[in-house]
Amino acid sequence: MPHNEVRKDYLLDRWVVIAKERGRRPTDFAKKERQQAKMSVCPMCPGNEHMTPPAVLAYLRSQRQLVKVSDDGHQRHKDWLVRVVPNLYPAFAPPEKKQTKKQQSVMHNNLMLALGHHEVLIESPVHDEHPADARIPQLILVINAYIDRLRELSKKPYVKYVSIFRNHGLEAGASLSHAHSQIIATPTIPRTVNEEMEASKKFHKQHHECAFCNIVETEKRGTRLVMENSEFVAFAPYASVHPTEFWIAPKKHEMNLLNLKKNEIQLFAETMKKCLCGLKQLVNDPPYNYGFHLTTAEEAKDYYHWHLEVYPKLAVWAGFELSTGMFINTVTPEAAAESLRNVIS
Ligand SMILES: [Zn+2]
Ligand SMILES: [Zn+2]
Ligand SMILES: [Zn+2]
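The rules behind the values
- Residues numbered from 1 in each chain as written.
- Chains lettered and ligands numbered in written order.
- Predicted model: local features only at pLDDT ≥ 70, side-chain atom pairs only at ≥ 80, totals over all residues.
- Heavy atoms only, no water.
- Core = buried A, V, L, I, M, F, W, Y, C linked by side-chain atoms within 4.5 Å.
- Buried < 20%, exposed > 50% of the residue type's maximum accessible area, 1.4 Å probe, protein only.
- Contact = heavy atoms within 4.5 Å.
- Donors = N, O, S within 2.8 Å, 3.2 Å for Na, K, Ca; no water.
- Tetrahedral: all angles 85-135°; square planar, octahedral: opposite > 155°, others 65-115°.
- Helix = DSSP H or I, 4+ residues; strand = E, 2+ residues; numbered from the N terminus.
- Expected span 1.5 Å × (residues − 1).
- Pairing = 2+ DSSP bridges.
- Axes fitted to C-alpha atoms, helices over the stretch in contact; angles between N-to-C directions.
- Parallel < 35°, antiparallel > 145°, perpendicular 65-115°, else oblique.
- Left-handed = near helix turned anticlockwise from the far one by under 90°.
- Nonpolar A, V, L, I, M, F, W, Y, C, P; charged D, E, K, R; others polar.
- Phe/Tyr/Trp six-rings, centres within 6.5 Å; stacked < 30°, edge-to-face > 60°.

Let's shift gears to the nonpolar core. If you look at the biggest cluster of nonpolar residues, it comprises 64 residues, and the most contacted ones within it are Phe246, Ile248, Phe268, Tyr290 and Phe292. In this structure, Phe268 is in contact with Ile143, Phe232, Ile248, Phe292, Trp306 and Leu308, ignoring residues within four places of it in sequence. Counting residues in hydrophobic clusters, the runner-up holds 12 residues, among them Ala211, Val216, Leu225 and Val233.

Structural data, given as structure tokens:
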């Protein structure tokens, strides 16, 4: 019997068995019914603003102008377009005013306080306006809100990383079905991003080139391309861990989203929508997670290149994956890209 391939991630020391011989297609994972979070009252829907903590940021429309505001104490702004509120059960919280710098800092080499921020970004006043179906102007507002929060949170002295991510569907961890993303600012750089940064730095030192610019060039011309436009490339990564996984990366070398121009934000919104809509059609609105990888560390600006990673939740990680950190993917990225390409075009 011919062997499967074991592939290594572009940068991470992470290996995945690409089970070619199983020959599965993304559509094999389409389910008739998807589990939905059930609830009687949606705390994120307009009119229920009092059910959330005061917004740290809300976009309002006033005489055709976009106005950015925050809630104050008991008052809640209504008629918002996008709203960002602190999570009711934050994993990371800001330092208390009376805490000294020393109390805030690392206490031991294996212990630190969970200082940071944990926010929920309500993407639309329309309950079901998920990115796959969103109006492009609304998706542009969402991306602008990501940028605003990234700018604000990355300035805080106790914040070392800002993770912007989205859980879609109950099985992917979204306990509320209203369209929303989350933002977690952490006091340390999480492992995966740190490892990617270290490997990118090493690559840059050796080749005098950004690893991701190189990946974008290669994938643009290969069989794993999902789609491209003048500014962005979407592709199924060479060592995809998840069936039908895809990444979106800018062609322009940038370490984060803070310098995106208006037309770039528009094209990013269009790319996101096309790809997520393709995934939705292909596998019947599967649960998925996505997360940005980026950095705001000035010293990384030459070697790190931001991107969005999308992980459809179609397989169950079991004993082997959990106990070894090695993965088995039964859909080849080449087959995933082909299916996505076909449904998008
Ligand atoms: Zn709702
Ligand atoms: Zn680059
Ligand atoms: Zn990455």
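Having seen the model, we can carry on.
The next thing to look at is the coordination of the zinc ion (ligand 2). At the metal site, the zinc ion (ligand 2) is ligated by Cys210 (SG), Cys213 (SG), His253 (ND1) and His305 (ND1), and these contacts range over 2.0 to 2.3 Å. Angles of 104 to 112 degrees at the metal separate the four donor atoms of the zinc ion (ligand 2), which places the site in the tetrahedral class. Mapping the donors of the zinc ion (ligand 2) onto the primary sequence gives the spacing C-x2-C-x39-H-x51-H. Taken as a pair, Cys210 in the loop between helix H3 (191–207) and helix H4 (211–220) and His253 in the loop between strand E11 (246–250) and helix H5 (262–283) lie far apart in primary sequence, 43 residues in all. We classify Cys210 as buried; its relative accessible area is 6%. Given a relative accessible area of 26%, His253 falls into the partly exposed group.

The terminal C-alpha atoms of H3, which comprises 17 residues, lie 24 Å apart, in line with the 24 Å expected from a rise of 1.5 Å per residue. Considered for burial, the residues of H3 that qualify are Val193, Glu196, Met197, Ala199 and Ser200. Contacts from the buried residues of H3 go to strand E7 (161–168), strand E12 (288–293) and strand E13 (307–312).

Attention now moves to the pairing of strand E10 (residues 232–235). Consecutive side chains of a regular strand alternate in pointing toward one face of the sheet and then the other. Every second residue of E10 is oriented toward a common face, with Phe232 and Ala234 on one face and Val233 and Phe235 on the other, all of them buried. Looking at chain direction, strand E9 (residues 225–228) and E10 are connected through three bridges and run antiparallel. Along E10, the bridge assignment pairs Glu228 with Val233. Where E9 hands over to E10, the hairpin turn is made up of three residues, counted between the paired strands.

Moving on, we get to the coordination of the zinc ion (ligand 3). Around the zinc ion (ligand 3), the donor atoms from the protein are Glu196 (OE), Glu196 (OE), His293 (ND1), His307 (NE2) and Glu309 (OE), and they sit 1.9 to 2.7 Å away. Between consecutive donors of the zinc ion (ligand 3), the numbers of intervening residues give the motif E-x96-H-x13-H-x1-E. Both residues of the pair, His307 and Glu309, count as buried.

The 11 strands are arranged E4-E3-E5-E6-E8-E7-E12-E13-E11-E10-E9 in an open sheet whose pairing can be described as antiparallel. Among the strands making up the open sheet, the edge pair consists of strand E4 (65–69) and E9. Going across the sheet, the axis of each strand differs from the next one's by a mean of 20 degrees, ignoring polarity. In terms of strand pairing, E10 meets E11 through four bridges, oriented antiparallel. Each bridged residue has a counterpart across the sheet, and for Phe232 the counterpart in E11 is Pro250. Seen against the sheet, H3 touches E7, E12 and E13 and runs at an angle of roughly 45 degrees to E12.

Strand order in the open sheet formed by three strands is E1-E2-E14, with mixed pairing between adjacent strands. Edge positions in the open sheet fall to strand E1 (5–8) and strand E14 (327–329), since each of these has one partner strand only. The sheet shows a mean angle of 30 degrees between the axes of neighbouring strands, taken without regard to direction. Here four bridges tie E1 to strand E2 (residues 15–18), and the two strands are oriented antiparallel to one another. Its bridge partner being in E2, Val6 is matched across the sheet by Val17.

The next point concerns the packing of helix H2 (residues 136–154) against H5. In contact at an axis separation of 9 Å, H2 and H5 are set at 115 degrees when each is read in the N-to-C sense. Here H5 runs roughly perpendicular to H2, going by the angle between their axes. Read as a crossing pair, H2 and H5 show a hand that is right-handed. Residues Ile136, Leu139, Ile140, Ile143, Asn144 and Ile147 of H2 touch H5, and the partners they reach there are Ile265, Gln266, Phe268, Ala269, Glu270, Met272 and Lys273. When the residues that make up the contact of H2 with H5 are grouped by side-chain class, the tally is nine nonpolar, two polar and two charged.

Following the criterion strictly, the structure yields 13 aromatic pairs and no others. Between Tyr10 and Trp247, the aromatic rings sit 5.7 Å apart at their centres with planes inclined by 65 degrees, giving edge-to-face as the arrangement. Taken together, the positions of Tyr10 in the loop between E1 and E2 and Trp247 in strand E11 put the pair 237 residues apart, joining distant regions of the chain. Given the relative accessible area of 24%, Tyr10 is considered partly exposed. With a relative accessible area of 2%, Trp247 lands in the buried category. Plain terms: the ring middles of Tyr146 and Phe292 are 5.4 Å apart, the flat faces sit at 75 degrees to each other, and that makes the pair edge-to-face. Of this pair, Tyr146 sits in helix H2 while Phe292 sits in strand E12, placing them 146 residues apart in sequence. By relative accessible area, which is 1% here, Tyr146 ends up buried. The exposure class assigned to Phe292 is buried, which follows from its relative accessible area of 2%. Connected via pairs of aromatic rings, a cluster forms that spans Tyr146, Phe232, Phe268, Tyr288, Tyr290, Phe292 and Trp306.

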